[in-house]
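Below, each chain spelled out in residue letters.
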Amino acid sequence: MPRIHPVQLAQTDAKTRSILEGVRAQIGMIPNLYATFARSPAALNAYLALNDTLGKGRLSAAQREVIALAVGQSNQCQYCLSAHTLIGKGAGLSDQDIQQARSADDNNGLASFAAAIVERRGMVSEADLAAAQNIGLDEEVIIEVIANVALNILTNYTNHIADTEIDFPVVDVEL
């Protein structure tokens, strides 16, 4: 049972309702996480704006999903792991890609770098940074990875605190 309940469309202001209806039009549903963020229209708008902006960056949709899965696993967020497993498949990730991202054992090192950021609370080592650079991540992309990690920490922590009801096919947190 959620500790912070998602808003009901009929019980929210017209502007927030319009934003949530826009989400439904775009992705076919209003995820419980979005309806929970809508408890604070400022938080909902900030999340949507950052998500939209990062979607226009240099990282591909599949790369952003690798980051989301690595961060979700590092933070043990079942809601996000469930959501991003489904979204990751839509972005072209195979079951093996998803498992590698979750175990931070991806072939290109992106998941390992994202997990290191989370696990070391941003205090990555020179070796971690060098490994990221060695796989071709330049300074622009490294900053973009950090922004994606931060976005996913926001969703992970919100789900932990709110105890958001999972509205995607449920994925076990254990690998």
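Everything discussed here concerns the structure shown above.
Residues numbered from 1 in each chain as written. Predicted model: local features only at pLDDT ≥ 70, side-chain atom pairs only at ≥ 80, totals over all residues. Heavy atoms only, no water.

Turning to the layout of surface pockets, a few remarks are in order. Looking at the largest pocket, its volume works out to about 700 Å³. Taken together, 28 residues form the lining of the largest pocket, with Tyr34, Tyr47, Asn51, Glu65 and Ile87 sitting closest to its centre. Elements that contribute at least two residues to the lining of the largest pocket include exactly helix H1 (14-27), helix H2 (32-37), helix H3 (41-54), helix H4 (61-74), helix H5 (78-90) and helix H9 (139-162). Looking at the lining of the largest pocket, the element that brings in the most residues is H5, giving six residues. Among the residues making up the lining of the largest pocket, the classes are represented as 16 nonpolar, eight polar and four charged. (1 Å grid on protein atoms, 1.4 Å probe; cavity = no way out; pocket = protein on both sides within 12 Å on 5 of 7 lines; lining within 4 Å. Points joined across faces, edges and corners; volume = space filled by probe spheres on them. Helix = DSSP H or I, 4+ residues; strand = E, 2+ residues; numbered from the N terminus. Nonpolar A, V, L, I, M, F, W, Y, C, P; charged D, E, K, R; others polar.)

Glancing now at the environment of Val149. Among the secondary structure elements, Val149 is positioned in helix H9. Given the relative accessible area of 2%, Val149 is considered buried. In sequence terms Val149 and Ile4 are 145 residues apart; their C-alpha atoms lie 23 Å from each other. Val149 has contacts with Ile67, Val71, Ala114, Ile117 and Val118, leaving out every residue within four places of it along the chain. (Buried < 20%, exposed > 50% of the residue type's maximum accessible area, 1.4 Å probe, protein only. Contact = heavy atoms within 4.5 Å.)

Bringing the packing of H4 against helix H6 (residues 95-102) into the picture now. At their nearest, the axes of H4 and H6 sit 7 Å apart, and the two run at 50 degrees to each other. Viewed along their axes, H4 and H6 adopt a mutual orientation that is oblique. H6 is crossed by H4, and the crossing has right-handed handedness. Of H6, the residues touching H4 (which contributes Val66, Leu69, Ala70 and Gln73) are Ile98, Ala101 and Arg102. In terms of residue class, the contact of H4 with H6 is built from five nonpolar, one polar and one charged. (Axes fitted to C-alpha atoms, helices over the stretch in contact; angles between N-to-C directions. Parallel < 35°, antiparallel > 145°, perpendicular 65-115°, else oblique. Left-handed = near helix turned anticlockwise from the far one by under 90°.)

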